[in-house]
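Inside the fold
Residue strings, one per chain:
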Amino acid sequence: MTRRQARIQALQLLYSHEINPEAEKSVLPDQESSGHDEYAQKIITAVDQNQTAIDVLINRYSKNWNTAQMNKVDLVLLRMAIAESKYIEDEELTPAIIINEALDLTRQYSTDEAVRFVNGVLDAAMKDS
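Cut-offs and rules
- Residues numbered from 1 in each chain as written.
- Predicted model: local features only at pLDDT ≥ 70, side-chain atom pairs only at ≥ 80, totals over all residues.
- Heavy atoms only, no water.
- UniProt positions renumbered as here; feature names shortened; annotations may be inferred.
- Helix = DSSP H or I, 4+ residues; strand = E, 2+ residues; numbered from the N terminus.
- Buried < 20%, exposed > 50% of the residue type's maximum accessible area, 1.4 Å probe, protein only.
- Contact = heavy atoms within 4.5 Å.
- Areas by Shrake-Rupley, 256 points an atom, 1.4 Å probe, with all protein chains shown as cover.
- Phe/Tyr/Trp six-rings, centres within 6.5 Å; stacked < 30°, edge-to-face > 60°.
- Lys NZ or Arg CZ within 6 Å of the ring centre and 35° of its normal.
- Core = buried A, V, L, I, M, F, W, Y, C linked by side-chain atoms within 4.5 Å.
- Expected span 1.5 Å × (residues − 1).
- Salt bridge = Lys/Arg side-chain N within 4 Å of Asp/Glu carboxyl O.
- pLDDT = per-residue confidence, 0-100.

- Going by the annotation in an unreviewed UniProt entry, the name recorded for the protein is Transcription antitermination protein NusB, with Negativicoccus succinicivorans given as the source organism.
- UniProt, in its Function (unreviewed entry) section for the protein, records the words "Involved in transcription antitermination. Required for transcription of ribosomal RNA (rRNA) genes. Binds specifically to the boxA antiterminator sequence of the ribosomal RNA (rrn) operons."

Have a look at this one:
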């Protein structure tokens, strides 16, 4: 499984949980009993364990919006990208790669307007240390 596929898998599960908090986080539809892809699990775990801190960053850099008002797909994509940037250690992951992947997924699963929004928030958040 590619990292792109793992991100899609994580997006599906995190989105499902966002719209239905009672949803089980350990089981994805169409997934074998062996569980999710290892990288998808890293993203899910990083988001789950650091969601409060991630949401603080999102709220800080999303002008005139807060996490409660955001489109849920956009919110999940922002959380995933920030989690990858700040909480997953991998020498191959650079801010440019993470932002590019998030924008590609935003183009695929959201709107053109969302692409600009996600790009702005992530660009600012990636500079925050």
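Okay, back to it.
Some words on the overall build of the protein
- A tally of regular secondary structure across the protein gives 5 helices and 0 strands.
- The linear arrangement of helices and strands in the protein, starting from the amino end, is α-α-α-α-α.
- When each of the 129 residues of the protein is scored for burial, the buried share is 43%.
- At a minimum sequence separation of 6, the contacts of the protein that also span at least 24 residues come to 69%.
- Only carbon and sulfur atoms are counted for the fraction: they give 45% of the accessible area of the protein, which is about 7400 Å².

Here we look at the packing of aromatic side chains
- Counting across every chain of the model gives 0 aromatic pairs.
- The side chain of Arg-3 reaches across the aromatic face of Tyr-39, ending 4.2 Å from its centre.

Looking at the nonpolar core
- Core analysis: the biggest nonpolar cluster contains 38 residues, and Ile-43, Ile-58, Leu-78, Met-80, Ile-82 and Leu-122 have the highest contact counts within it.
- Mapped onto this core, the elements with two or more residues apiece are helix H1 (3–19), helix H2 (38–61), helix H3 (72–87), helix H4 (95–109) and helix H5 (112–127).
- Sequence-distant contacts of Ile-43, defined by excluding residues within four places in its chain, comprise Arg-7, Ala-10, Met-80, Glu-84 and Ile-88.

Remarks on H1
- Compared with an ideal rise of 1.5 Å per residue, which puts 17 residues at 24 Å, H1 spans 24 Å between its outermost C-alpha atoms and is within 8% of the ideal.
- Turning to H1, its buried residues number three or more, namely Ala-6, Arg-7, Ile-8, Gln-9, Ala-10, Leu-11, Leu-13 and Leu-14.
- Lining the buried residues of H1 we find H2, H3 and H4.

Focus: the pattern of salt bridges
- Inspection of every chain in the model, using the stated rule, returns 10 salt bridges.
- The partner of Glu-84 in a salt bridge is Arg-7, with the nearest N and O atoms 2.9 Å apart. Here Arg-7 lies in helix H1 and Glu-84 lies in helix H3, a separation of 77 residues in the sequence. Residues Glu-84 and Arg-7 agree in their burial class; the two are buried.
- The network of salt bridges with shared partners includes Arg-4, Arg-7, Glu-84, Glu-101, Asp-104 and Arg-107.

Considering the confidence of the model for the protein
- Summary statistics for the protein give a mean pLDDT of 89 and a share of 88% for residues scoring 70 or more.
- Low pLDDT (under 50) marks residues 27–34, which in the prediction has 8 contacts with non-local residues, meaning those over four places away or in another chain.

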